[in-house]
Amino acid sequence: MVDGKLIIPVLNEVPVNKKGHTSDGCGGCSGGTCGAFGIRAGSEKKEVLRNILIFAIMGIGMLVGVYLIVKLLNLVAGN
């Protein structure tokens, strides 16, 4: 201990076996470097476009859902 402080050791990362340059779908980031929107370096163009489309659809869905919830709350509150 240094100056009465407990030092917690940092865990070392376990090396991961590389399968190839393309992503294996929704395997998460269990070893590769994930970029924005979960797109890994070396991803296929179709996979990148699919991921961007999925996130765009989810964003539009959330906006529509929030709009409908606000309208419903205004209807219930009588505004």
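Residues numbered from 1 in each chain as written. Predicted model: local features only at pLDDT ≥ 70, side-chain atom pairs only at ≥ 80, totals over all residues. Heavy atoms only, no water.

Student: Explain the overall build of the chain here, please?
Tutor: A count of helices and strands for the chain gives 1 helix and 0 strands. Summing over all exposed atoms, the chain offers an accessible surface of approximately 7300 Å²; the carbon and sulfur share of this is 68%. (Helix = DSSP H or I, 4+ residues; strand = E, 2+ residues; numbered from the N terminus. Areas by Shrake-Rupley, 256 points an atom, 1.4 Å probe, with all protein chains shown as cover.)

Student: Is there a simple way to think about a nonpolar patch on the surface in this case?
Tutor: The grouping of Ile54, Phe55, Met58 and Met62 at the surface amounts to a nonpolar patch, some 380 Å² of accessible area in total. Exposure remark for Met62: the relative accessible area of 56% places this residue in the exposed category. (Patch = residues over 30% accessible without salt bridge, like charges linked within 9 Å, V, L, I, M, F, W, Y side chains within 5 Å. Salt bridge = Lys/Arg side-chain N within 4 Å of Asp/Glu carboxyl O. Buried < 20%, exposed > 50% of the residue type's maximum accessible area, 1.4 Å probe, protein only.)

Student: I tried to follow helix α1 (residues 45–77) on my own but got confused; where do I start?
Tutor: Taking 1.5 Å per residue as the helical rise, α1 with its 33 residues ought to reach 48 Å, and the 48 Å between its terminal C-alpha atoms agrees with that figure. Among the 33 residues in α1, 2 count as buried, and that is only a small part of the element. At the exit of α1 stands Gly78, carrying a positive phi of roughly 85°. (Expected span 1.5 Å × (residues − 1).)

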